[in-house]
Amino acid sequence: MLHELLSDSYDPLLAFVGILFAFTVTVAATAKLQGFLPKDAGREYAHDGKLSAGKPRGAGIIFVLAFVAAALLFSTIKAEILIYLVLMVICMMTGFLDDASKIPWGEYKKGFLDLCVAALVSMTFLKYNSNVIRLALFDMELTVPPVLFAILAVILVWGSVNVTNCADGVDGLSGTLTIISIMTIYIVDRLLGVGDDVTYLILLFTVCILGYLWYNATPSRLMMGDAGSRSMGLFISIAILKTGSPLLYIPIALVLILDGGLGLLKVFLLRFLKIRILKNTRTPLHDHVRKVWNWSNTQTVFRFAIIQIILAVAVVYGLQL
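Residues numbered from 1 in each chain as written. Predicted model: local features only at pLDDT ≥ 70, side-chain atom pairs only at ≥ 80, totals over all residues. Heavy atoms only, no water.

## Focus: the overall build of the chain
Part 1: Broken down by element type, the chain carries 13 helices and 2 strands.
Part 2: Here the chain has a C-alpha radius of gyration of 19 Å; the compact-globule value for 321 residues is 20 Å, and the two agree.
Part 3: Along the longest, intermediate and shortest principal axes, the C-alpha atoms of the chain span 50 × 45 × 35 Å.
Part 4: Among the 321 residues that make up the chain, the fraction classed as buried is 52%.
Part 5: Long-range pairs, those at least 24 residues apart, make up 74% of the contacts in the chain with a sequence separation of at least 6.
Part 6: As presented, the chain carries roughly 15100 Å² of accessible surface, and 70% of it is formed by carbon and sulfur atoms.
Part 7: The distance from the centre of the 25 positive side-chain charges to the centre of the 21 negative ones in the chain is 11 Å. (Helix = DSSP H or I, 4+ residues; strand = E, 2+ residues; numbered from the N terminus. Rg over C-alpha atoms; globule rule 2.2 N^0.38 Å. Buried < 20%, exposed > 50% of the residue type's maximum accessible area, 1.4 Å probe, protein only. Contact = heavy atoms within 4.5 Å. Areas by Shrake-Rupley, 256 points an atom, 1.4 Å probe, with all protein chains shown as cover. Lys, Arg positive; Asp, Glu negative; His and termini not counted. Charge placed at Lys NZ, Arg CZ, Asp CG, Glu CD.)

Written out as structure tokens, the structure is:
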């Protein structure tokens, strides 16, 4: 059964060992190394943000490096995938350096670095893949001019990195939503018969995030920081691009998009166009539901996850029609 789920290029026993390795290394390394991570100072403007003060931050460096090690040891690595792994490490390191900095990096600096990574992902994808977009739910294909495709890919990658980062603020939330999104992509890959290069990597990354969540479930012992959230957003964008149906990103990651993206949109419109929207809505949305609707952290994680699972089921069902 496992052999059917994985690409034919993978030995099922080796794949099984790789999954166990990825989870075990993440859990063990987190237990041993969390004391060396920078400490969180608390977030002044986030709901209950001060409760995180003093906890280890930047644990993304551990589970991302565990994922990369597992991928190199147990996965069939092609040049394209190797480039993506390097870019994930770069994205993780920029986030970790911000996590460890006594003075937080500015928004423009981080945004520019994310833009550079997004551009490199876009160029890499176009070098090894076509510029045809499949409208999977409508059984249609659309050929997009390469330059336009590259621009749209940059927007997708940059947006995914930043909305996932902004959605990180409740114990276990962004990690849980990321797992739901990438496992939905895994199922989409199998249904469409595409993405063989990344299907096994999705499983490896999932168990690495689970290894982190072992310590991050409420009440958390540590936090992933930008090192983890940015890397997760990058991986989601790469995985959805490899399906050949990038527009599926919208339903597959809709909760992440709304939770983290509405705040970005709100700030952008106010700062650059002097347009004020969502005046009575706190962003990210996970702060609104906790502060205004009095949801607990656990309720927030479970209810956001339930919504995303329902969307995932709808996508999977739609692809089978």
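## Remarks on the nonpolar core
Part 1: In this structure, Phe63, Phe67, Val121, Phe205, Leu234 and Phe235 are the most contacted members of the largest nonpolar core, which totals 84 residues.
Part 2: Per element, the largest residue contribution to this core is 13 residues, and it comes from helix H8 (residues 196–216).
Part 3: Every residue in contact with Phe63, bar those within four places of it in the chain, is listed here: Thr26, Phe205, Cys208, Ile209, Tyr212, Met224, Gly228 and Met232. (Core = buried A, V, L, I, M, F, W, Y, C linked by side-chain atoms within 4.5 Å.)

## Description of the side chain of Thr124
Part 1: Tracing the backbone shows Thr124 in helix H5 (residues 107–128).
Part 2: Ignoring sequence-local partners within four residues, the contact set of Thr124 consists of Glu80, Ile83 and Tyr84.

## Description of the pairing of strand S2 (residues 140–143)
Two faces, one strand: in a regular strand the side chains alternate between the faces of the sheet.
Part 1: In the sheet, strand S1 (residues 132–135) pairs with S2 via 4 bridges, with the strands oriented antiparallel. Paired with Arg134 across the bridge in S2 is Glu141.
Part 2: Here S1 hands over to S2 after 4 residues, with Asp139 in that stretch at a positive phi of 55°. (Pairing = 2+ DSSP bridges.)

## Here we look at the packing of helix H7 (residues 173–192) against helix H9 (residues 225–242)
Part 1: Across the interface, H7 lies against H9 with an axial gap of 10 Å and an inter-helix angle of 10°. Overall, the two elements H7 and H9 adopt an arrangement that is roughly parallel. The chirality of how H7 crosses H9 is left-handed. Every residue of H9 that contacts H7 at Ser174, Gly175, Thr178, Ile182 and Ile185 is listed here: Met232, Phe235, Ile236, Ala239 and Ile240.
Part 2: For the contact of H7 with H9, the residue count by class is 7 nonpolar, 3 polar and no charged. (Axes fitted to C-alpha atoms, helices over the stretch in contact; angles between N-to-C directions. Parallel < 35°, antiparallel > 145°, perpendicular 65-115°, else oblique. Left-handed = near helix turned anticlockwise from the far one by under 90°. Nonpolar A, V, L, I, M, F, W, Y, C, P; charged D, E, K, R; others polar.)

## Topic: the packing of aromatic side chains
Part 1: For the structure shown, the criterion picks out 11 aromatic pairs.
Part 2: The interplanar angle of 55° and the centroid separation of 5.6 Å between the aromatic rings of Trp293 and Trp295 together place this pair among those described as tilted.
Part 3: Three or more aromatic residues joined by ring pairs form one cluster here, namely Phe63, Phe67, Phe205, Tyr212 and Phe235.
Part 4: Cation over ring: Lys109 sits above Trp105, and NZ or CZ is 4.1 Å from the ring centre. (Phe/Tyr/Trp six-rings, centres within 6.5 Å; stacked < 30°, edge-to-face > 60°. Lys NZ or Arg CZ within 6 Å of the ring centre and 35° of its normal.)

## Comments concerning the environment of Leu262
Part 1: Relative to the elements of secondary structure, Leu262 occurs in helix H11 (residues 254–273).
Part 2: Distance in space between the C-alpha atoms of Leu262 and Thr281 is 9.8 Å, their sequence separation being 19 residues.

## Here we look at the packing of H8 against H9
Part 1: Here H8 crosses H9 at 155°, and the two axes come no closer than 10 Å. Relative to H9, H8 is oriented roughly antiparallel. H9 is crossed by H8, and the crossing has left-handed handedness. Contacts from Asp197, Val198, Leu201, Ile202, Phe205 and Ile209 in H8 reach Ser231, Met232, Phe235, Ala239 and Lys242 in H9.
Part 2: Across the contact of H8 with H9, the residue classes break down as 8 nonpolar, 1 polar and 2 charged.

## A short note on the side chain of Asn131
Part 1: Checked against the element boundaries, Asn131 lands in the loop between H5 and S1.
Part 2: Beyond its immediate stretch of four places on either side in the chain, Asn131 contacts Leu126, Leu142, Thr143, Val144, Pro145, Pro146 and Phe149.

## Comments concerning the environment of Ala28
Part 1: Topologically, Ala28 is positioned in helix H2 (residues 12–33).
Part 2: Overall, Ala28 belongs to the partly exposed group, its relative accessible area being 40%.
Part 3: When the C-alpha positions of Ala28 and Ile62 are compared, they lie 10.0 Å apart, and in sequence the two are 34 residues distant.

## A closer look at the pattern of salt bridges
Part 1: Counted under the stated rule, the structure contains 11 salt bridges.
Part 2: What emerges from the salt-bridge pattern is a single network uniting Asp98, Lys110, Asp114, Asp226 and Arg230. (Salt bridge = Lys/Arg side-chain N within 4 Å of Asp/Glu carboxyl O.)

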